[in-house]
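Structural description and commentary
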Amino acid sequence: MTVSVRFFARYAELAGCTSSAVHVPMPATVGDVIAKVRELFPGTRIMPLRPLAALNRRQVKLDAAVNEGDEVALLPPISGG
Amino acid sequence: MSHITRHPLDVNDLLARVQGPERGGTCVFLGSVRNDDGVTAIDYSAYEQMADEEIARILGEAQRQWPDARVILQHRLGEIPAGEASIAIAAAAPHRDEAFTACRFVIEEVKKRLPIWKKEMFADGTTAWTDAQRQAKPTTR
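Residues numbered from 1 in each chain as written. Chains lettered and ligands numbered in written order. Predicted model: local features only at pLDDT ≥ 70, side-chain atom pairs only at ≥ 80, totals over all residues.

**A word on the sheet that holds strand β7 (residues 71–75) of chain A**
Residue and element names in this part refer to chain A. The cut-off we apply is this: Pairing between strands is defined by DSSP: at least two bridges between the two strands are required. Every helix listed is a DSSP run of H or I at least four residues long, and every strand listed is a run of E at least two residues long, numbered separately from the N terminus. For helices, the fitted line uses only the C-alpha atoms of the stretch in contact; every axis is such a line through C-alpha atoms, and the angle between N-to-C directions lies from 0 to 180 degrees. Note that contacts rest on C-beta atoms placed from the backbone: two residues are in contact if these are within 7 Å.
Strands sit in the order β2-β1-β7-β4-β5 across an open sheet of five strands; the sheet is mixed. Here the strands that pair on one side only, and so sit at the sheet edges, are β2 (19–23) and β5 (58–60). In this sheet, adjacent strand axes meet at a mean angle of 35 degrees when their direction is disregarded. Note: strand β4 (residues 52–55) against β5, three bridges, orientation antiparallel. In the sheet register, A53 faces β5, and the bridge partner there is V60. Against the sheet, helix α2 (residues 30–40) engages β1 (2–7), β2, β4, β5 and β7, with an angle of about 110 degrees to β2.

Here it is in structure tokens:
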């Protein structure tokens, strides 16, 4: 299945892009998508092993299940305010 | 009103949205860019749609905890010079305790939850993400 991936701030610089799509076999978790991202975008391998992630714009743990068409966002440590 | 803007924040506008004759205590929190270590500005970026939704959730939680209070916030994005505000929160309630507490709740949740990032800009043209494990300061020029 295909999952869209978005990169923000420093992670976008590491990936070299702000969005992409990755293919992962079903069933898959957010963690599986991130593993695929590390494979496809070598610059992202220096991200923490367990980066913050959002699934369809909600922060989730890495064991959250993903479905076809979902969006996984990789979020650097949050520093708003 | 969107919770995210690229323009200077207008505290009077926020106050007008929360104040009312039944709310006798109002407090405002402003978070501004500090000139630490020669920082001249911070470039704020966000996952805007998620940040806007998350702000709405935080304000909803505040509303449920303090039903008589009115709380609003705006976060500014883009390049913000040192000394100018990046976030403004206004809270009004019948009494000061709820106003202060609701305001404090909102800023603390913002710090934990909003997908917003800062890139510090220095006078010599260098920049640095504030989340980076702060190796040597310069990352780009």
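**Some remarks on the nonpolar core**
Selection criterion: The term nonpolar core refers to a set of buried Ala, Val, Leu, Ile, Met, Phe, Trp, Tyr and Cys residues connected through C-beta atoms within 7 Å. Each residue is classified by how many other C-beta atoms fall within 10 Å of its C-beta atom, where C-beta atoms are placed from the backbone; a count of 20 or more means buried, 12 or fewer means exposed, and values in between mean partly exposed.
Counting residues in each nonpolar core, the largest one holds 62 residues, and the members touching the most others are V33 of chain A together with V71, A91 and A102 of chain B. Element by element, the count of residues in this core is highest for strand β6 (residues 85–93) of chain B, at seven residues. Here A102 of chain B is in contact with A62, W66, A69, V71, A91 and A93 of chain B, once residues within four sequence places are set aside.

**As for the pairing of strand β3 (residues 39–46) of chain B**
All names here are of chain B. Here β3 runs beside strand β7 (residues 116–122); their pairing, made up of seven bridges, is antiparallel. Paired with Y44 across the bridge in β7 is K118. Where β3 lies against strand β5 (residues 78–81), four bridges are found, and the strand directions are antiparallel. By the bridge assignment, Y44 is partnered in β5 with G78.

**Thoughts on the environment of P81 of chain B**
Residues and elements named next belong to chain B. With respect to the helices and strands, the residue P81 is situated in strand β5. Classification of P81 by C-beta neighbours within 10 Å gives partly exposed; the count is 14. In sequence terms P81 and A41 are 40 residues apart; their C-alpha atoms lie 4.0 Å from each other. Here P81 is in contact with V33, T40 and A41, once residues within four sequence places are set aside.

**Some thoughts on the interface of chain A and chain B**
As a reminder of what qualifies: Under the grouping applied here, Gly and all other residues not named as nonpolar or charged are polar, the nonpolar ones being Ala, Val, Leu, Ile, Met, Phe, Trp, Tyr, Cys and Pro and the charged ones Asp, Glu, Lys and Arg.
The partner chain B presents 22 residues to the 13 residues of chain A that form the contact. At the level of elements, α1 (9–15) and β7 of chain A are the ones that each hand at least two residues to the side of chain A that touches chain B. When grouped by side-chain class, the residues that make up the side of chain A that touches chain B number eight nonpolar, three polar and two charged.

**Here's the deal with the sheet that holds β6 of chain B**
All names here are of chain B. The strand order across the open sheet built from four strands is β1-β4-β6-β2, with neighbouring strands paired in mixed fashion. The open sheet has two edge strands, β1 (4–5) and β2 (25–32), and neither has a second partner. Both strand β4 (residues 70–76) and β6 contribute to a ladder of six bridges, which runs antiparallel. What sits directly across from Q74, in β6, is A88. Strands β2, β4 and β6 of the sheet are contacted by helix α1 (residues 11–18), whose axis makes an angle of about 25 degrees with β6. The sheet contacts of helix α2 (residues 48–65) involve β1 and β4, and relative to β4 the element is tilted by about 160 degrees.

**Considering the pairing of β6 of chain B**
Residue and element names in this part refer to chain B. Here β6 lies mainly inside the structure; eight of its nine residues are buried. Taken together, the eight bridges between β2 and β6 define a ladder with antiparallel strand orientation. Considered in β6, the bridge of C27 is made with A91.

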